[in-house]
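Letter by letter, the chains look like this.
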Amino acid sequence: MKIKSAEFEKSAPTLASSPRWTLPEFAFIGRSNVGKSSLINLLTERNALAKASVTPGKTKLINFFRINTNWCLVDLPGYGFAKVNREERADFNVAVANYIEKRDVLIHLFVLIDSRLTPQRIDLDFLRWLTGIDVAFSLIFTKTDKVSSAVVQSNVALFKKTIADFMTEMPAVFTSSSTTKKGRQEILDFIGQELAAAKGA
Ligand code: GTP
Ligand code: MG
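Residues numbered from 1 in each chain as written. Chains lettered and ligands numbered in written order. Predicted model: local features only at pLDDT ≥ 70, side-chain atom pairs only at ≥ 80, totals over all residues. Heavy atoms only, no water.

> What is the right way to read helix H4 (residues 149-163) from this model?
At 3.6 residues per turn, the α-helix brings residues three or four places apart onto the same side. Along its 15 residues, H4 runs 21 Å from first to last C-alpha, staying within 8% of the 21 Å computed at 1.5 Å per residue. For H4, the complete set of buried residues consists of Val152, Asn155, Val156, Phe159 and Ile163. With its buried residues spanning 100 degrees around the axis, H4 presents them on a single face. Looking at H4, the residues exposed on the side facing more than 90 degrees away from the buried face are Ala150, Gln153 and Lys161. (Helix = DSSP H or I, 4+ residues; strand = E, 2+ residues; numbered from the N terminus. Expected span 1.5 Å × (residues − 1). Buried < 20%, exposed > 50% of the residue type's maximum accessible area, 1.4 Å probe, protein only. Arc of directions from axis to C-beta.)

And the structure:
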(Lines give C-alpha, C1' and ligand atoms only; values in the text may rest on other atoms or scores of the structure.)
(Ligands and ions follow the chains in the order given, each with its own letter.)
Protein backbone atom coordinates (compact mmCIF):
# COMPACT_ATOMS: atom_id res chain seq x y z
CA MET A 1 0.00 0.00 0.00
CA LYS A 2 1.37 3.39 -1.05
CA ILE A 3 -0.01 6.68 0.22
CA LYS A 4 -0.41 9.06 -2.70
CA SER A 5 -2.62 11.63 -1.04
CA ALA A 6 -3.76 12.41 2.50
CA GLU A 7 -6.22 15.15 3.27
CA PHE A 8 -7.94 16.28 6.42
CA GLU A 9 -11.67 15.91 5.82
CA LYS A 10 -13.55 16.74 9.00
CA SER A 11 -13.56 16.87 12.81
CA ALA A 12 -16.78 15.47 14.24
CA PRO A 13 -17.93 15.70 17.87
CA THR A 14 -20.40 12.81 17.51
CA LEU A 15 -21.16 9.76 15.41
CA ALA A 16 -24.17 11.56 13.93
CA SER A 17 -21.98 14.37 12.60
CA SER A 18 -19.45 11.98 11.04
CA PRO A 19 -19.07 12.12 7.24
CA ARG A 20 -21.90 10.49 5.31
CA TRP A 21 -19.81 8.48 2.97
CA THR A 22 -19.17 4.84 2.17
CA LEU A 23 -15.37 5.01 2.32
CA PRO A 24 -13.83 2.19 4.38
CA GLU A 25 -12.37 3.51 7.64
CA PHE A 26 -9.43 2.43 9.80
CA ALA A 27 -9.47 4.00 13.26
CA PHE A 28 -6.88 4.46 16.03
CA ILE A 29 -7.75 4.28 19.70
CA GLY A 30 -5.69 3.99 22.88
CA ARG A 31 -4.76 5.77 26.03
CA SER A 32 -4.23 9.49 25.85
CA ASN A 33 -0.66 10.31 24.74
CA VAL A 34 0.08 6.75 23.48
CA GLY A 35 0.86 8.13 20.00
CA LYS A 36 -2.31 7.82 17.88
CA SER A 37 -1.91 11.13 16.07
CA SER A 38 1.84 10.57 15.61
CA LEU A 39 1.15 7.16 14.06
CA ILE A 40 -1.26 8.68 11.53
CA ASN A 41 1.44 11.18 10.61
CA LEU A 42 3.97 8.35 10.32
CA LEU A 43 1.73 6.29 8.04
CA THR A 44 0.92 9.24 5.79
CA GLU A 45 4.40 10.79 6.03
CA ARG A 46 2.74 14.13 6.70
CA ASN A 47 4.31 15.63 9.82
CA ALA A 48 1.41 17.74 10.92
CA LEU A 49 -1.65 16.11 9.38
CA ALA A 50 -2.93 14.89 12.76
CA LYS A 51 -2.14 17.17 15.70
CA ALA A 52 0.25 15.50 18.13
CA SER A 53 1.24 16.98 21.47
CA VAL A 54 3.17 16.27 24.67
CA THR A 55 0.03 17.33 26.55
CA PRO A 56 -2.35 14.37 26.99
CA GLY A 57 -5.88 14.88 25.70
CA LYS A 58 -4.85 16.78 22.57
CA THR A 59 -7.29 15.04 20.24
CA LYS A 60 -10.80 15.89 21.45
CA LEU A 61 -12.87 15.22 18.33
CA ILE A 62 -13.18 12.36 15.87
CA ASN A 63 -10.86 13.38 13.02
CA PHE A 64 -11.29 11.97 9.54
CA PHE A 65 -8.44 11.87 7.01
CA ARG A 66 -9.13 10.84 3.45
CA ILE A 67 -6.36 8.71 1.93
CA ASN A 68 -5.77 8.11 -1.80
CA THR A 69 -9.28 9.55 -2.22
CA ASN A 70 -10.93 6.20 -1.51
CA TRP A 71 -10.34 5.17 2.08
CA CYS A 72 -9.96 6.86 5.44
CA LEU A 73 -7.88 7.02 8.62
CA VAL A 74 -9.69 8.10 11.78
CA ASP A 75 -7.93 9.68 14.77
CA LEU A 76 -10.00 9.12 17.92
CA PRO A 77 -9.71 10.96 21.25
CA GLY A 78 -7.76 8.88 23.77
CA TYR A 79 -9.12 7.30 26.91
CA GLY A 80 -7.94 7.86 30.47
CA PHE A 81 -6.81 11.45 30.25
CA ALA A 82 -5.00 11.46 33.62
CA LYS A 83 -5.76 15.07 34.53
CA VAL A 84 -9.51 14.66 34.34
CA ASN A 85 -9.76 11.10 35.59
CA ARG A 86 -8.34 10.47 39.01
CA GLU A 87 -9.00 6.79 38.68
CA GLU A 88 -7.45 4.70 35.97
CA ARG A 89 -10.55 3.66 34.13
CA ALA A 90 -11.37 3.18 30.47
CA ASP A 91 -13.93 5.97 30.60
CA PHE A 92 -13.52 7.20 27.06
CA ASN A 93 -16.24 9.40 25.69
CA VAL A 94 -19.68 8.41 24.47
CA ALA A 95 -18.98 9.63 20.94
CA VAL A 96 -15.99 7.28 20.69
CA ALA A 97 -17.97 4.32 22.08
CA ASN A 98 -20.78 5.05 19.62
CA TYR A 99 -18.37 5.35 16.75
CA ILE A 100 -16.76 1.98 17.55
CA GLU A 101 -20.06 0.21 18.14
CA LYS A 102 -22.11 1.65 15.32
CA ARG A 103 -20.02 3.07 12.52
CA ASP A 104 -20.89 0.74 9.66
CA VAL A 105 -17.95 1.75 7.44
CA LEU A 106 -15.41 0.99 10.18
CA ILE A 107 -13.36 -1.88 8.75
CA HIS A 108 -10.70 -2.17 11.42
CA LEU A 109 -9.73 -0.66 14.75
CA PHE A 110 -6.09 -0.36 15.80
CA VAL A 111 -5.68 -0.37 19.58
CA LEU A 112 -2.43 1.34 20.57
CA ILE A 113 -0.50 0.23 23.64
CA ASP A 114 2.63 1.83 25.13
CA SER A 115 5.43 -0.72 24.58
CA ARG A 116 7.38 0.66 27.55
CA LEU A 117 4.83 -0.52 30.09
CA THR A 118 3.75 -3.85 31.53
CA PRO A 119 0.01 -4.50 30.97
CA GLN A 120 -2.06 -1.61 32.30
CA ARG A 121 -5.52 -2.00 33.79
CA ILE A 122 -6.93 0.77 31.62
CA ASP A 123 -5.96 -0.97 28.35
CA LEU A 124 -7.15 -4.35 29.61
CA ASP A 125 -10.51 -2.85 30.65
CA PHE A 126 -10.87 -1.29 27.21
CA LEU A 127 -10.06 -4.60 25.48
CA ARG A 128 -12.52 -6.44 27.69
CA TRP A 129 -15.21 -4.00 26.57
CA LEU A 130 -14.10 -4.36 22.94
CA THR A 131 -14.39 -8.16 22.91
CA GLY A 132 -18.15 -7.70 23.39
CA ILE A 133 -18.38 -5.52 20.24
CA ASP A 134 -18.54 -6.86 16.72
CA VAL A 135 -15.49 -5.08 15.30
CA ALA A 136 -12.20 -6.38 13.89
CA PHE A 137 -9.17 -5.05 15.75
CA SER A 138 -5.43 -5.47 16.20
CA LEU A 139 -2.81 -4.14 18.60
CA ILE A 140 0.03 -1.72 17.92
CA PHE A 141 2.75 -1.35 20.56
CA THR A 142 4.06 2.20 20.20
CA LYS A 143 7.20 4.17 21.13
CA THR A 144 9.51 1.17 20.70
CA ASP A 145 12.46 3.56 20.20
CA LYS A 146 12.23 4.56 23.86
CA VAL A 147 13.20 1.19 25.36
CA SER A 148 15.37 -1.79 24.41
CA SER A 149 13.92 -4.43 22.11
CA ALA A 150 14.16 -6.92 25.00
CA VAL A 151 11.81 -4.77 27.08
CA VAL A 152 9.41 -4.40 24.14
CA GLN A 153 9.39 -8.16 23.57
CA SER A 154 8.83 -8.96 27.20
CA ASN A 155 5.98 -6.42 27.53
CA VAL A 156 4.31 -7.67 24.35
CA ALA A 157 4.59 -11.29 25.50
CA LEU A 158 3.16 -10.46 28.92
CA PHE A 159 0.33 -8.49 27.33
CA LYS A 160 -0.61 -11.37 25.04
CA LYS A 161 -0.53 -13.80 27.93
CA THR A 162 -2.78 -11.51 29.98
CA ILE A 163 -5.42 -10.98 27.28
CA ALA A 164 -5.46 -14.70 26.42
CA ASP A 165 -7.46 -15.07 29.66
CA PHE A 166 -10.45 -13.33 28.13
CA MET A 167 -9.89 -13.48 24.36
CA THR A 168 -10.50 -16.61 22.35
CA GLU A 169 -8.66 -15.38 19.26
CA MET A 170 -5.34 -13.53 19.50
CA PRO A 171 -5.42 -10.27 17.50
CA ALA A 172 -2.63 -9.34 15.07
CA VAL A 173 0.20 -7.50 16.84
CA PHE A 174 2.40 -4.73 15.40
CA THR A 175 5.22 -2.71 16.93
CA SER A 176 5.85 0.88 15.89
CA SER A 177 7.98 3.96 16.35
CA SER A 178 7.27 7.35 14.87
CA THR A 179 10.98 8.14 15.32
CA THR A 180 12.54 5.15 13.51
CA LYS A 181 9.48 4.54 11.25
CA LYS A 182 9.33 0.97 12.53
CA GLY A 183 6.05 -0.73 11.69
CA ARG A 184 5.04 1.75 8.99
CA GLN A 185 5.20 -0.60 6.02
CA GLU A 186 3.76 -3.60 7.90
CA ILE A 187 0.73 -1.60 9.03
CA LEU A 188 0.18 -0.13 5.55
CA ASP A 189 0.43 -3.59 3.98
CA PHE A 190 -2.07 -4.91 6.50
CA ILE A 191 -4.46 -2.06 5.62
CA GLY A 192 -3.99 -2.91 1.93
CA GLN A 193 -4.96 -6.54 2.58
CA GLU A 194 -8.00 -5.54 4.62
CA LEU A 195 -9.13 -3.15 1.88
CA ALA A 196 -8.76 -5.86 -0.76
CA ALA A 197 -10.69 -8.32 1.43
CA ALA A 198 -13.46 -5.77 2.04
CA LYS A 199 -13.78 -5.14 -1.69
CA GLY A 200 -14.02 -8.84 -2.43
CA ALA A 201 -16.63 -9.38 0.28
P1 GTP B 1 -4.04 12.31 22.55
O2 GTP B 1 -4.52 12.95 21.28
O3 GTP B 1 -3.76 13.29 23.63
O4 GTP B 1 -4.92 11.18 22.99
O5 GTP B 1 -2.58 11.66 22.28
P6 GTP B 1 -2.08 10.76 21.06
O7 GTP B 1 -2.30 9.32 21.39
O8 GTP B 1 -2.61 11.24 19.76
O9 GTP B 1 -0.50 10.98 21.15
P10 GTP B 1 0.43 11.93 20.24
O11 GTP B 1 0.58 11.35 18.88
O12 GTP B 1 -0.05 13.33 20.37
O13 GTP B 1 1.84 11.72 20.97
C14 GTP B 1 2.04 12.06 22.33
C15 GTP B 1 3.51 12.36 22.56
O16 GTP B 1 4.30 11.18 22.35
C17 GTP B 1 4.09 13.38 21.58
O18 GTP B 1 5.01 14.18 22.29
C19 GTP B 1 4.79 12.55 20.53
O20 GTP B 1 5.85 13.20 19.90
C21 GTP B 1 5.29 11.38 21.36
N22 GTP B 1 5.38 10.13 20.54
C23 GTP B 1 4.37 9.53 19.88
N24 GTP B 1 4.81 8.40 19.25
C25 GTP B 1 6.12 8.30 19.56
C26 GTP B 1 7.14 7.34 19.21
O27 GTP B 1 6.93 6.34 18.50
N28 GTP B 1 8.38 7.57 19.72
C29 GTP B 1 8.67 8.64 20.51
N30 GTP B 1 9.92 8.76 20.98
N31 GTP B 1 7.75 9.55 20.85
C32 GTP B 1 6.50 9.40 20.38
MG1 MG C 1 -4.04 12.62 19.37
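> I would appreciate a short explanation of the nonpolar core in the present structure.
It is characteristic of soluble globular proteins that their nonpolar side chains tend to be buried jointly. In terms of nonpolar packing, the biggest core is built from 34 residues, with Leu76, Tyr99, Ile100, Leu109, Val111, Leu127 and Leu130 touching the most fellow members. Those elements giving two or more residues to this core turn out to be strand S2 (25-30), strand S3 (62-67), strand S4 (71-75), helix H2 (94-102), strand S5 (106-114), helix H3 (121-131), strand S6 (137-142) and H4. Top contributing element to this core by residue count: H3, with five residues. The contact partners of Leu130, leaving out residues within four places of it in the chain, are Ile100, Leu109, Val111, Val135 and Phe137. If you look at the next biggest cluster of nonpolar residues, it comprises 24 residues, including Leu39, Ile67, Trp71 and Phe190. (Core = buried A, V, L, I, M, F, W, Y, C linked by side-chain atoms within 4.5 Å. Contact = heavy atoms within 4.5 Å.)

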